[in-house]
Amino acid sequence: MDVFHFSDLAIPPEARARVAQVRDPALWLLENKAKSYNLLDQGPDGSGVDCPLCRNKGFVAELDPEGPRMVVRPCACRERRRTALRLKACGMLDRARLLSFEAFRTENPMQSRMKELALEWLEAQNESWLVFCGQSGAGKTHLCTAAFVQAVSRRRLDGEYMLWGPALRELRAEPEAAPRLLGRYKEAPLLYVDDLFKGRRDLPISDWELRLAFELLDYRYGCKLPTILSTERSFPELVSLDEAIAGRLKERCGRFLINVTPEPGKNFRFRGEG
Ligand SMILES: [Zn+2]
């Protein structure tokens, strides 16, 4: 008479492994603990990143192959999430999506050179400043934004965005809060000053505005804090407005300074001032 043995059954290897695990209650518990952790849903955190793997917790649980324990490791979405939250904190998240390097159209050699320079600045990964001066309409703001976003992401820096005109109005309107507000811009690990000295060209820039610009930029100059700056003023104009400011810009930029001036009639031309 044939005797039936369980071992005679053709059990697929996965099922055999599963049975073996269930036989080990400690391992089974750990596995379920990891599974439960991974099913916890954190919900949206405002970063706009929706990750099915970690369910927006930023961490994934798994069994440690080295020993019978559960380990929690950072999820691949974590850096994207951090960058998005950093950009959100300085109000740049929506602009970051629109004003990327990929979306920048180069229509002439000047714009190609501008893009190249912004990318070189990014690669340099040091405390140099990036400054685009001169004629509007050349894409200065687009490229400065793209460089800012990438620097926040790659260097893992908290950044501040300072749109000159509105920031000035805010500082003027709240004199008591002004030192704190200005301090935020002065001390930001990365700062993007957009449209420095924007205003009517037939009106002189006030001493107050010049002093404020000097205080901000001199502080960042002294602390070697990376700064991105765009302005419609040409570099020679900056020199005539305030030599000390222009001098600091030039020194911190090195070769990462572009001055865009329109040719009479049509094209732009550019030249580095470094
Ligand atoms: Zn994730």
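So, a few notes on the structure that sits alongside this text. A quick note: this is a predicted structure, and the numbers were derived from the prediction, not measured. (Residues numbered from 1 in each chain as written. Predicted model: local features only at pLDDT ≥ 70, side-chain atom pairs only at ≥ 80, totals over all residues.)

Considerations on the overall build of the protein
Note the following rule: Secondary structure elements are defined from DSSP: runs of H or I of at least 4 residues count as helices, runs of E of at least 2 residues count as strands, and each element is numbered from the N terminus. Exposure classification rests on a simple neighbour count of other C-beta atoms within 10 Å of a residue's own: a residue reaching 20 or more is buried, one at 12 or fewer is exposed, and one in between is partly exposed. C-beta atoms are placed from the backbone. Residues are treated as contacting if the C-beta atoms built from their backbones sit within 7 Å of each other.
Scanning the protein for helices and strands turns up 11 helices and eight strands. By the burial criterion, 29% of the 274 residues in the protein qualify as buried. Here the analysis covers contacts within the protein between residues at least 6 apart in sequence; of these, 69% occur between residues at least 24 apart.

Re the packing of helix α8 (residues 178-187) against helix α9 (residues 207-222)
To be explicit about the condition: Here, axes are lines fitted to C-alpha atoms. For helices the fit covers the stretch in contact, and angles between N-to-C directions go from 0 to 180 degrees. Here a crossing is taken to be left-handed if its near helix is turned anticlockwise relative to the far helix by less than a right angle, and right-handed if that turn runs clockwise. Each residue is assigned to one of three groups, with Ala, Val, Leu, Ile, Met, Phe, Trp, Tyr, Cys and Pro labelled nonpolar, Asp, Glu, Lys and Arg labelled charged, and all others, Gly among them, labelled polar.
Running from N to C, α8 and α9 point in directions that differ by 35°, and their axes come no closer than 9 Å. The element α8 and its partner α9 pack so that their crossing is right-handed. Contacts between α8 and α9 pair Leu 182, Tyr 185 and Lys 186 from the former with Leu 216, Tyr 219 and Arg 220 from the latter. Of the residues assigned to the contact of α8 with α9, the class counts are four nonpolar, no polar and two charged.

Some points on the packing of α9 against helix α11 (residues 243-253)
As a reminder, the rule being used: Orientation labels follow simple angle bins: below 35 degrees gives roughly parallel, above 145 gives roughly antiparallel, 65 to 115 gives roughly perpendicular, and whatever is left gives oblique.
Where α9 meets α11, the closest approach of the two axes is 10 Å, and the angle between their N-to-C directions is 30°. Classified by the angle between their axes, α9 and α11 sit roughly parallel to one another. Taken as a pair, α9 and α11 cross one another with a handedness that is left-handed. Where α9 approaches α11, its residues Ala 213, Phe 214, Leu 217, Asp 218 and Tyr 221 are matched on the opposing element by Ala 244, Ile 245, Arg 248 and Arg 252. By residue class, the composition of the contact of α9 with α11 is six nonpolar, no polar and three charged.

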